[in-house]
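Here is how the chains run, residue by residue.
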Amino acid sequence: MSRYLARRLLQMIPLVFGLSVIIFLVLALAPGDPVDLLIFGNPQIRPEDVVRLKHFYGLDQPMYLRYFKWLGAAVLHGDLGYSRTYKTPVFSLIGARVSNSLWLTIPAFFLALLVAVPVGIYSALHQYSARDYAATFLTFFGVSIPVFWFGIMMIYLFAVWHPWSAISALAWLRLPAGGFASSGVSEGVAVYADRIQYMILPVIVLSLLFMAGYTRFTRSSMLEVVRQDYVRTARAKGLETRVVINKHALKNAMIPLVTIIALSVPGLFAGAPLTETVFGWPGIGQLLVTSVQGADFAVAQGIIMVLAGLVIVFNLLADVAYALLDPRIRYD
Amino acid sequence: MAVIAERGLVVKSPPSEGYWRIAWGRLKRHRVAMVGGGIVGVFILIAIFAGSLTPYAFDQIDLYKRKAAPSLAHPLGTDELGHDVLTRLLYAGRISLTVGFSAAAAAVLLGTLVGGIAGFHGGWKDNALMRFTDIMFSIPDLPILIIIARYLGGSVLGIVLVISAFAWMGVARLVRGELLKLRQQDFAEAARAIGASDTRILARHLVPNALAPVIVSATLTVGGAILTEAGLSFLGIGIQPPTPSWGNMLQNAQDFIWTTPWLAVWPGVMIFLTVLCFNFFGDGLRDALDPRLKI
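Since we're looking at a predicted model, the values are computed, not measured.

Asker: Just checking my understanding: could you explain the overall build of chain B for this structure?
Answerer: A tally of helices and strands in chain B yields twelve helices and two strands. Along the chain direction, N to C, the helices and strands of chain B fall in the order β-β-α-α-α-α-α-α-α-α-α-α-α-α. Its C-alpha atoms give chain B principal-axis dimensions of roughly 85 × 55 × 30 Å. A total of 295 residues make up chain B; the buried ones form 45% of that total. The contacts in chain B between residues at least 6 apart in sequence include a share of 68% that link residues at least 24 apart.

Asker: Help me understand the overall build of chain A, please; the structure alone is not making it clear to me.
Answerer: The helix and strand tally for chain A stands at 14 helices and zero strands. Order of helices (α) and strands (β) in chain A, N terminus to C terminus: α-α-α-α-α-α-α-α-α-α-α-α-α-α. Taking the principal axes of its C-alpha atoms as reference, chain A extends roughly 85 × 65 × 35 Å. Expressed as a percentage of the 332 residues in chain A, the buried residues total 34%. Pairs at least 24 apart in sequence give 68% of the contacts found in chain A among residues at least 6 apart.

Asker: Got a minute to help me understand the interface of chain B and chain A in this structure?
Answerer: Put simply, an interface is often sized by how much accessible area is lost when its parts join up. On the chain A side, the residues contacting the 36 residues of chain B number 37 residues. Mapped by element, the contributors of at least two residues to the side of chain B that touches chain A are α5 (123-138), α6 (141-152), α10 (198-234) and α12 (262-289) of chain B.

Asker: Help me out: how do you make sense of the confidence of the model for chain A in this one?
Answerer: The predicted coordinates ought not to be read in detail in places where the model reports low pLDDT. Per-chain confidence: chain A averages 80 in pLDDT, with 91% of residues scoring 70 or above. Mean pLDDT in chain A bottoms out at helix α2 (residues 34-41) of chain A, which sits at 67, and peaks at helix α6 (residues 130-144) of chain A, which reaches 90.

Asker: Honestly, the nonpolar core in this entry has me stumped. Any pointers?
Answerer: The nonpolar side chains of a soluble globular protein tend to be buried with one another. With 150 residues, the main nonpolar core has A:W149, A:I152, A:I303, A:I304, B:L145, B:I146 and B:I271 as its most contacted residues. Among the elements that line this core, the one with the most residues is helix α4 (residues 85-121) of chain B, at 15 residues. If we skip the residues at most four places from it in the chain, A:W149 touches B:L250, B:G268, B:I271 and B:F272.

Asker: Looking at this structure, how should I read the environment of A:G285?
Answerer: Residue and element names in this part refer to chain A. For G285, the position within the fold is in helix α12 (residues 284-293). Distance in space between the C-alpha atoms of G285 and I303 is 9.2 Å, their sequence separation being 18 residues. Excluding residues within four positions of it along the chain, G285 makes contact with S101, A270, G271, A272, P273 and E276.

Asker: So what exactly am I meant to see when it comes to the environment of B:S96 here?
Answerer: Residues and elements named next belong to chain B. Along the chain, S96 falls in helix α4. A C-alpha to C-alpha distance of 6.8 Å links S96 and W246, two positions 150 residues apart in sequence. Once residues lying within four places of it in the same chain are set aside, the contact partners of S96 are I226, E229, A230, S245 and W246.

Asker: Can you walk me through the confidence of the model for chain B in this structure?
Answerer: Model confidence for chain B is summarised by a mean pLDDT of 81, while 92% of its residues fall at 70 or above. Predicted as a complex, the structure gets a pTM of 0.84 and an ipTM equal to 0.83.

Asker: Please clarify how the packing of α4(B) against helix α8 (residues 169-183) of chain B should be interpreted in this entry.
Answerer: When two helices pack together, their arrangement is given by the angle between the helix axes and the distance between those axes. All names here are of chain B. One way to put it is that α4 packs onto α8 with a least axis distance of 7 Å and a crossing angle of 35°. As α4 runs across α8, the sense of the crossing is right-handed. Together, A107, V108, G111, T112, V114, G115, G116, A118, G119 and F120 of α4 and M169, G170, V171, A172, R173, L174, V175, R176, L179 and L180 of α8 make up the contact between the two elements.

Asker: Explain the packing of α4(B) against α12(B) to me, please; I cannot follow it from the model alone.
Answerer: Residues and elements named next belong to chain B. Contact pair α4 / α12: the axes reach a minimum separation of 11 Å and the direction vectors enclose 25°. Comparing their axes, α12 and α4 come out roughly parallel. Taken as a pair, α4 and α12 cross one another with a handedness that is right-handed. Between α4 and α12, the contacting residues are V85, L89, A92 and G93 on the first element and L263, W266, P267 and M270 on the second. Residues of the contact of α4 with α12, tallied by class, amount to seven nonpolar, one polar and no charged.

So, how was this worked out
- Residues numbered from 1 in each chain as written.
- Chains lettered and ligands numbered in written order.
- Predicted model: local features only at pLDDT ≥ 70, side-chain atom pairs only at ≥ 80, totals over all residues.
- Helix = DSSP H or I, 4+ residues; strand = E, 2+ residues; numbered from the N terminus.
- Buried ≥ 20, exposed ≤ 12 C-beta atoms within 10 Å, placed from the backbone.
- Contact = placed C-beta atoms within 7 Å.
- pLDDT = per-residue confidence, 0-100.
- Core = buried A, V, L, I, M, F, W, Y, C linked by C-beta atoms within 7 Å.
- Axes fitted to C-alpha atoms, helices over the stretch in contact; angles between N-to-C directions.
- Left-handed = near helix turned anticlockwise from the far one by under 90°.
- Parallel < 35°, antiparallel > 145°, perpendicular 65-115°, else oblique.
- Nonpolar A, V, L, I, M, F, W, Y, C, P; charged D, E, K, R; others polar.

This is the structure:
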């Protein structure tokens, strides 16, 4: 087991390096660095100032030097650079925003799993039943709908139109059209209570997306397991179906699901750029979009670097989890 | 199927149907898939003939009729700049479908290459390539796409390249799986035993048999590509106005949701319907080609 882990770790190292080089190059090679933008905004700028600024930001150094300086700063000091737009260090900016994103993605994730896993299992066990068809149909919908449009439609339904308000008993069901917090609420529990009303729609939108994917996956994984010989043997032995499922089939069907879940975690931290933009939720996804639109490269680079790190770590964790759950892998 | 009568008489049976003909027959019976395929076909036709179907150009504006409600002259109304929504919707179909198809094609090519090398050679190449594919799978694609699209985006070609860079992994895995399975079959071993070269085995025996899952995967990738393009265009990093795309038609729709909500409805409905129908068709295709396929 430790040899397996060691092997996986070793395989990761060239990957980490490769990823960091790619990330750095993608942004460093892009036409138009921050100083060029300054020039564009202020054509009167003097050539000496341009040279001085470029030197100050280290933009006139050869690429490989800039790469190592950036890598060193990021890894050794946790210094991911400085945001031009927000005038704060990138690291603290990301830190603040990540927790906002997690407020959306974690509830959506759990809600999705809560619904998807039972529905997927039921669907697999009762294949070709009416409910299975209904569930499969719905997953098609969930997978085909554009997230941002769904969000806009939800906003329209719950914040703008809300036709049910004609019934006075239901008039309370109105949700804000986006945003994060109401003004005037800034302390203590009230902040969290207030945030919930802003959270409901984006969480629902996001979780429906996750739900469709996970339902499909659970269903197909369960279907595969149930066809296996050992399940047939268990049934032949006379065990009742419930026992067969719970004792034998479920555990094996869950293995790929656990792997998928572990690999989804970096996605949770990546926020949901589209959903956050539609609902005006100040999370990491929205930060990425605005920083790319505003050419604030330090922020974009920092976010991607953090994401890449998370991807690597959770890939390793997924490997470990898989090896722990499925002993067959260890003797590969 | 030969019918062997009791006295040993063998009645000649009609020649058995080919694989593709059987599959086509199965597909035709799958009603949902055929409806989906039909709708997609209609959309494709509309996209090709968009020019002849509408009296306006897609960038033609009528400043006196901005944000007009649906009327006879403008069946779906006008947007905030005075464009006819229906016209832009149809032209946008052209762009979105083109991007979807091209990106899926590029992704399939890329994925077949990677999966092919991995599945055919096995060994360390297989390990390394699959590891790479797994990592690419787990990278949240939208953030990276957002960054790359900023520089390569704007043009259709750029968007296609960007999207296909993150869409090839499923195909690669599939192709590799199929090749691994096929390599061990008797016909492949027999071919090698009589001295067929690698290329010949690959081209003549393995690839034709591995085609079925690739086709299904390609169909399903188109839907994803359309969604991704719409998302990027919505954020302003994909297809740039005035070229219409279903995504960028929704860009400003949210701001006008209080006054002219219909602007937000139609582009999204088109995206949704197109992707849904592609998915239905792909699903039917998969069932038709081999119900046992586990994609």
